[in-house]
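# Observations on chain architecture
One-letter residues, chain by chain:
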Amino acid sequence: MPKILLVEDDPKITLSLVDSLTESGYTVLAFNRGAAVLGSLLHSEPDLILLDLGLPDMEGATVLSMVRAVSAVPVIVITARRNEEQIVRLLDLGADDYVAKPFTMVQLGARIRAVLRRTGSAVPQSIDVGEVNIDTKLRRASLAGRLLDLRPREYQLLLTLATSQGQVLTSTEVASRIWGDDVPGADGRLDALLSILRSKMGESATNPVYLHRVRGMGIRLAAPE
Ligand code: CA
């Protein structure tokens, strides 16, 4: 699952970006200050940085130069207005692309995919696990050719597990990808979500087919043998 480091100080924009990006299959780490980026960049190794230029503590161009001094990670800058001179300067400083506010998620999504395609870390358009197929572009999933009627969180759970198919993901890991970090009661919510997803896929905790709880470890999605 490609990891995006988002640097944006507007909480409303952050919330909506985190929501739609996670729903599109990305893991998102959000920061509201430029100074936090460098430290995180080194240990989290993101696949892409989404950088708002209007940050309270530092100029976006400074953040970009600092990133470029230590990393070749792709950067898409978010500018408040379409200022050609500024955009040219940022591209010269090493930005890979830009979006100007207000932008649509459709446009940003396409730009992210294009940049990630170039670096070879895009979310695959289609993921198969046995007879489960996930179409990440249309955000829908089917089982044995039958479309599953999934709500966004259920789809996100299935996608999260499918991108690491065969591996056990801890409940904390899965919950944080669905609701973000530090959500109280995430374990209980995850259990409830898992049980809905199971019933929509025609299986249950006592009769698992694709969705397996591994005691004391987490959850695993795997094709039946
Ligand atoms: Ca801002």
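Residues numbered from 1 in each chain as written. Predicted model: local features only at pLDDT ≥ 70, side-chain atom pairs only at ≥ 80, totals over all residues. Heavy atoms only, no water.

### Re the coordination of the calcium ion
Note on the calcium ion: its protein donors are Asp9 (OD), Asp52 (OD) and Gly54 (O). The metal-donor distances range over 2.2 to 2.5 Å. Residue aspartate 9 is classed as partly exposed on the basis of its relative accessible area, which comes to 29%. Overall, aspartate 52 belongs to the buried group, its relative accessible area being 3%. (Donors = N, O, S within 2.8 Å, 3.2 Å for Na, K, Ca; no water. Buried < 20%, exposed > 50% of the residue type's maximum accessible area, 1.4 Å probe, protein only.)

### Observations concerning the domain arrangement of the chain
The domains assigned to the chain are domain 1 (3-118) and domain 2 (126-221). Between domain 1 and domain 2, the C-alpha centre-to-centre distance is 28 Å. Domain 1 puts eight residues into the contact, and the matching count from domain 2 is eight residues. Together domain 1 and domain 2 conceal approximately 700 Å² of surface at their shared face, both sides included; 46% is due to carbon and sulfur atoms. The largest contributions to the domain 1 side of the interface with domain 2 come from Thr22, Glu23 and Ser24, which together make up 61% of the buried area. Applying the counting criterion to the domain 1 and domain 2 interface returns one salt bridge. (Domains from an automatic or database assignment. Contact = heavy atoms within 4.5 Å. Buried area = accessible area lost by both parts, 1.4 Å probe. Salt bridge = Lys/Arg side-chain N within 4 Å of Asp/Glu carboxyl O.)

### Description of the side chain of arginine 198
Mapped onto the elements, arginine 198 comes out in helix H8 (residues 186-200). Separated by 3.2 Å, the side chain of arginine 198 and the backbone oxygen of leucine 211 make a polar contact. Residues within four places of arginine 198 in sequence aside, it is in contact with Glu203, Ser204, Ala205, Leu211, His212 and Arg213. (Helix = DSSP H or I, 4+ residues; strand = E, 2+ residues; numbered from the N terminus. Polar contact = N/O pair within 3.5 Å; in protein donor to acceptor, adjacent residues only side chain to side chain.)

### Quick look at the packing of helix H1 (residues 11-23) against helix H6 (residues 152-163)
Look at H1 against H6: their axes get within 9 Å of each other, and the N-to-C directions meet at 55 degrees. When the axis of H1 is compared with that of H6, the two are oblique. Of the residues in H6, those in contact with Asp19, Thr22 and Glu23 of H1 are Pro152, Arg153, Tyr155, Gln156 and Leu159. Here the contact of H1 with H6 is built from residues that sort into three nonpolar, two polar and three charged. (Axes fitted to C-alpha atoms, helices over the stretch in contact; angles between N-to-C directions. Parallel < 35°, antiparallel > 145°, perpendicular 65-115°, else oblique. Nonpolar A, V, L, I, M, F, W, Y, C, P; charged D, E, K, R; others polar.)

### Topic: empty space enclosed by the protein
Throughout the structure, instances matching the rule amount to one cavity of 30 Å³ or more. As a volume, the largest cavity reaches approximately 40 Å³. Residue lining of the largest cavity: Met1, Thr22, Gly25, Tyr26, Gln156, Leu159, Thr160 and Arg177, and that is the complete set. It is H6 that contributes the most residues to the lining of the largest cavity, three residues altogether. Considering only residue class, the lining of the largest cavity consists of three nonpolar, four polar and one charged. Formed jointly, the lining of the largest cavity draws a minimum of three residues from each of two domains, domain 1 (3-118) and domain 2 (126-221). (1 Å grid on protein atoms, 1.4 Å probe; cavity = no way out; pocket = protein on both sides within 12 Å on 5 of 7 lines; lining within 4 Å. Points joined across faces, edges and corners; volume = space filled by probe spheres on them.)

### Let's talk about the sheet that holds strand S12 (residues 218-221)
The strand order across the open sheet built from three strands is S10-S12-S11, with neighbouring strands paired in antiparallel fashion. Taken across any chain shown, the strands that pair with only one partner, and hence form the sheet edges, are strand S10 (168-169) and strand S11 (211-214). (Pairing = 2+ DSSP bridges.)

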